[in-house]
Amino acid sequence: MGPTRRDFLKMAGLSTLCLALPPRLAHGAAKVEPSAAAAPLPAAGPGAPGSLPGRRWAMVAEVGKCRADCRDCIDACHGAHNVPDFGNPKDDVHWIGQAPMTQVFPAGAHPRLPENLRNLPLPVLCNHCENPPCVRVCPTKATFRRADGIVAMDYHRCIGCRFCMAACPYGARSMNWRDPRPFIARLDPAFPTRTQGVVEKCNFCEERLAKGVLPACVTACKEKALTFGDLVEPRSAVRELLGKHFSLRRRPELGTEPQVYYIL
Ligand code: SF4
């Protein structure tokens, strides 16, 4: 007897599902990629010996100090984390970037804003939200929130479904549509590379904090526009800045509780 109508419908349904899935899922590629496995992230988590002590990490950007033509923070971050440069906006992968003030804080934009403020390039990165929607929607727990507030990623568990990208209201995550390795300017073997079909984003330099070192963007900024520290510690530099200046967070109405603060 040939296939019944029910069998046919089952097969058609499965084929449709496979077509709709991203490459890694469709080909059952939730397996560990050998080259990525060869360079695992440092295992040290919050409170490990030699790490910077922090109970709730946060970043403060004093954007008035930023120079319009400066890319020091971007170059340092992308260099330290093997972020590829595909050379076109369609494939763009970024951990930290720049966006004009009117895009970062659209609610504050109005026609009478001075030109220098309107075009002020603000650093934009993952906000390591207190209530991260990206974490809630990840079906494999590839992205998760650590005890110190860092929203981290386990690249090996990422199946490229991009639910996290859809959930993030800040565009902080990027998808590797192509193999990123040929597009890494200078490969740093100390940090793992990602593979095609894997999402990536800023990790607040968890690997540097584990060695007692501040994030790469913070140390690279000659203008000292970026300050990083423990929000729980009353004498920390971030608390001092936030205690002295009016600061903004991106889209507070969403309840995500971003932990990147902007002093304009
Ligand atoms: Fe997640 Fe986006 Fe918040 Fe980062 S900024 S924690 S990616 S929701």
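This text follows the structure it describes.
If you're wondering where the values come from, they're calculated on a predicted model, not measured in any experiment.

Draft legend 1. Region of the structure containing the site of the ligand. Around the ligand, the surrounding shell holds 14 residues, and the nearest of these are Cys126, Cys129, Cys134, Cys168 and Arg173. Of the residues in the shell around the ligand, the class split is ten nonpolar, two polar and two charged.

Draft legend 2. How the structure looks around the environment of Ala225. When you line up the elements, Ala225 lands in the loop between helix H10 (216–220) and strand E8 (226–230). Classification of Ala225 by relative accessible area gives buried; the value is 1%. Other than its neighbours up to four places away in sequence, Ala225 contacts Val60, Ala61, Glu62, Lys65 and Cys66.

Draft legend 3. Here's a closer look at the packing of aromatic side chains. Taken as a whole and judged by the stated rule, the model has five aromatic pairs. Measuring from ring centre to ring centre gives 5.0 Å for Trp57 and Phe228, while their planes differ by 20 degrees; the resulting arrangement is stacked. With Trp57 in strand E1 (residues 57–62) and Phe228 in strand E8, this residue pair connects regions lying 171 residues apart in the sequence. On the accessibility criterion, Trp57 (4% relative accessible area) is buried. Aromatic pair Trp95 and Phe191: ring centres 6.0 Å apart, planes at 75 degrees, arrangement edge-to-face. Here Phe191 lies in the loop between strand E6 (174–175) and strand E7 (199–200) and Trp95 lies in the loop between helix H4 (72–80) and strand E2 (96–100), a separation of 96 residues in the sequence. The same class applies to Trp95 and to Phe191, which are both buried. Through successive ring pairs, a cluster of aromatic residues spans Trp57, Phe204 and Phe228.

Draft legend 4. Representation of unusual backbone geometry. If you check the backbone angles, Asn82 has positive phi at about 55 degrees while not being a glycine. Here Asn82 is to be found in the loop between H4 and E2. Judged by its relative accessible area of 2%, Asn82 falls in the buried class. Positive phi outside glycine occurs at Arg251, with the angle close to 45 degrees.

Draft legend 5. Empty space enclosed by the protein, seen in detail. The tally for this structure, following the rule as stated, stands at six cavities of 30 Å³ or more. When its volume is computed, the largest cavity comes out at roughly 130 Å³. In this structure, the largest cavity is lined by 13 residues; those nearest its centre are Cys66, Cys70, Cys73, Gln98 and Cys221. Secondary-structure elements contributing two or more residues to the lining of the largest cavity are H4 and strand E3 (121–125). When residues in the lining of the largest cavity are grouped by element, the largest group, three residues, is from E3.

Draft legend 6. Quick peek at the layout of surface pockets. Reported here for the largest pocket is a volume of approximately 480 Å³. Along its surface, the largest pocket is lined by 22 residues, and Arg71, Asp75, His78, Val83 and Asp85 are the ones closest to its centre. Broken down by element, the residue count for the lining of the largest pocket peaks at four residues, all from H4. Per-class residue counts for the lining of the largest pocket are ten nonpolar, seven polar and five charged.

Draft legend 7. Up close: the side chain of Gln259. Within the secondary structure, Gln259 sits in the loop between helix H11 (237–244) and strand E9 (260–263). Within the structure, the side chain of Gln259 is placed 3.0 Å from the side chain of Tyr261, a separation counted as a polar contact. With near-sequence residues (within four places) excluded, Gln259 lies in contact with Arg56, Trp57, Ala58, Met59, Asn127, His128, Glu130, Phe204, Leu231 and Arg249.

Draft legend 8. Focus on the sheet that holds E9. Read from one edge to the other, the open sheet built from three strands follows the order E8-E1-E9, with strand pairing classed as mixed. With one partner strand each, in any of the chains shown, E8 and E9 form the two edges of the open sheet. Strand after strand, the sheet turns through a mean of 20 degrees between neighbouring axes, direction not considered. Note that E1 and E9 share four bridges and pair parallel. Looking at the pairing, Met59 lines up with Val260 of E9. Here H11 sits on the sheet and contacts E1, E8 and E9; the angle it forms with E8, its principal contact strand, is near 115 degrees.

Rules and cut-offs
- In this numbering scheme, every chain counts its residues from 1 along its sequence in written order.
- Reporting in this predicted model follows two pLDDT cut-offs: at least 70 for local features of residues, and 80 or more for side-chain atom pairs to be given and counted; totals over whole chains, interfaces and linings ignore these cut-offs and use all residues.
- Only heavy atoms go into the side-chain values, all of them from the structure, while hydrogens and water stay out.
- A single heavy atom is enough: if one lies within 4 Å of a molecule or strand, its residue is considered near that molecule or strand.
- Side-chain classes are defined by residue name, with Ala, Val, Leu, Ile, Met, Phe, Trp, Tyr, Cys and Pro counting as nonpolar, Asp, Glu, Lys and Arg as charged, and the others, Gly among them, as polar.
- Each helix corresponds to a stretch of at least 4 residues labelled H or I by DSSP, and each strand to a stretch of at least 2 residues labelled E; elements are numbered beginning at the N terminus.
- Working definition: with a 1.4 Å probe on protein chains only, accessible area under 20% of the residue-type maximum means buried, over 50% means exposed, and in between means partly exposed.
- Should any heavy atoms of two residues lie within 4.5 Å, those residues are considered in contact.
- Ring pairs are drawn from Phe, Tyr and Trp, using the six-membered ring of Trp, whenever the two centres fall within 6.5 Å, and their geometry is named by plane angle: stacked under 30 degrees, edge-to-face over 60, tilted for the rest.
- Here a cavity is any set of points on a 1 Å grid over the protein atoms alone where a 1.4 Å probe fits but cannot get out, and a pocket is any open set with protein on both sides within 12 Å along at least 5 of 7 lines; a residue lines the site when it has an atom within 4 Å of a point.
- Grid points are joined across faces, edges and corners, and a volume is the space filled by probe spheres set on the points.
- We call two N or O atoms a polar contact when they sit within 3.5 Å, provided that within protein one can donate a hydrogen and the other can accept it, with sequence-adjacent residues counted only if both atoms are side-chain atoms.
- For two strands to pair, DSSP has to find at least two bridges joining them.
- Note on geometry: axes are C-alpha line fits, over the in-contact stretch for helices, and angles between N-to-C directions span 0 to 180 degrees.

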